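Breakdown of the fold
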Amino acid sequence: AETSGPLNAVRKMNVETGESQVYTGEPHEFFNEPVFVPRVGAKDEDDGYIFTYCMDGKNEKVSLLILDAKNLSGRPVCRIPLRTHFPYTLHGNWTAQTWERDESRSKTSSHEIFYGKGWNDFNSDFSSFGTNAF
């Protein structure tokens, strides 16, 4: 029977052959969204690393887990313990580009963006649920 719950494995699947590799942690370890980071000078599409946060539910600790994307079933390349615990489901993306500190600062506060764009306005002319049909 299938069960649902937090991610407790990371799978790499070849969509052409159906072959797959799986990294499975301990029963009390759960993973966030895996992110692929290409190796410098990579030639193959899986030549790189898989970064994922590992939540240790037993000890209430978080670590950054780095896996070899070519050999996902093997042991982790490394596990970096983090000093702080953060909630499950943190998302992120990898980019090779870097920004200077001043460039990464927002020019506008999130409060100004949220309230200045009318995000909370209700438009009764459109509904994806079909409520305007009644």
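Each chain has its residues counted from 1, running along the sequence as written. Totals for whole chains, interfaces and linings use all residues, but because this is a predicted model, local features are given only for residues with pLDDT of at least 70 and pairs of side-chain atoms are given and counted only at 80 or more. Side-chain descriptors were evaluated using all non-hydrogen atoms of the structure, hydrogens and water having been removed beforehand.

1. What to know about the overall build of the chain
When helices and strands are tallied, the chain shows two helices and seven strands. When each of the 134 residues of the chain is scored for burial, the buried share is 19%. The accessible surface values rely on the Shrake-Rupley method and a 1.4 Å probe; as for residues, cover is taken only from the protein chains in view. About 11,000 Å² of surface is accessible on the chain, with carbon and sulfur atoms providing 52% of the total. Working definition: helices are DSSP H or I runs of at least four residues, strands are E runs of at least two. Numbering for both runs from the N terminus. When accessible area is computed with a 1.4 Å probe and restricted to protein chains, residues below 20% of their type maximum are described as buried, those above 50% as exposed, and intermediate ones as partly exposed.

2. Focus on unusual backbone geometry
The phi dihedral of Glu60 is positive, around 50°, even though this residue is not glycine. Mapped onto the secondary structure, Glu60 falls in the loop between strand E5 (48–56) and strand E6 (61–68). The exposure class assigned to Glu60 is exposed, which follows from its relative accessible area of 60%.

3. As for the pairing of strand E1 (residues 9–13)
One face of the sheet, then the other: side chains in a regular strand alternate in exactly this way. Sheet topology note: the E1/strand E2 (residues 20–24) ladder contains five bridges and is antiparallel. Across the sheet, residue Lys12 finds its bridge partner in E2, namely Gln21. The turn joining E1 and E2, which pair antiparallel and follow one another in sequence, is formed by six residues; a positive phi near 85° is taken by Gly18. Strands are treated as partners if at least two bridges between them are detected by DSSP.

4. Observations concerning the pattern of salt bridges
Opposite charge on two side chains makes pairing possible when the charged atoms of those side chains draw close. Note on definitions: salt bridges are taken to be side-chain nitrogens of Lys or Arg within 4 Å of carboxyl oxygens of Asp or Glu. Counting across every chain of the model gives six salt bridges. We note a salt bridge from Lys12 to Asp46, for which the minimum N-O separation is 2.8 Å. Taken together, the residues Lys12 in strand E1 and Asp46 in the loop between strand E4 (35–38) and E5 connect sequence positions 34 residues apart. Residues Arg39 and Asp47 are paired through a salt bridge, measuring 2.6 Å at the closest nitrogen-oxygen approach. A single salt-bridge network, built from bridges that share partners, covers Lys12, Asp44, Asp46 and Lys70.

5. Remarks on the nonpolar core
Nonpolar side chains in soluble globular proteins generally cluster together in the buried interior. Nonpolar cores are built from buried Ala, Val, Leu, Ile, Met, Phe, Trp, Tyr and Cys residues. Side-chain atoms within 4.5 Å join them into one set. Counting nine residues, the largest nonpolar core is built from Val10, Tyr23, Phe31, Ile50, Cys54, Leu65, Leu67, Ala69 and Leu72. The set of elements that each furnish at least two residues to this core consists of E5 and E6.

6. So, the confidence of the model for the chain
Residue-level confidence of the predictor is summarised by pLDDT, bounded by 0 at the bottom and 100 at the top. Per-residue pLDDT for the chain has a mean of 76; in total, 60% of the residues score no lower than 70. We call two residues contacting when some pair of their heavy atoms lies within 4.5 Å. Within the model, pLDDT remains below 50 along residues 126–134, and this stretch shows four contacts once partners closer than five positions in the same chain are excluded.

7. Details of the side chain of Asp56
Counting through the fold element by element, Asp56 comes out in strand E5. Buried and unpaired, Asp56 has no salt bridge, with Arg79 as the nearest side chain of opposite charge at 6.4 Å. Side-chain polar atoms of Asp56 contact the backbone nitrogen of Lys58, separated by 3.0 Å. Of note is the side chain of Asp56, whose polar atom sits 2.9 Å from the side chain of Asn59. Once you skip the residues sitting within four places of it in the chain, Asp56 turns out to touch His28 and Lys61. In this tally, Lys and Arg are treated as positive and Asp and Glu as negative; His is ignored, and so are the chain termini. Any pair of nitrogen or oxygen atoms within 3.5 Å is treated as a polar contact; in protein, a donor-acceptor pairing is required on top of that, and neighbouring residues in sequence qualify only through side-chain atoms on both sides.

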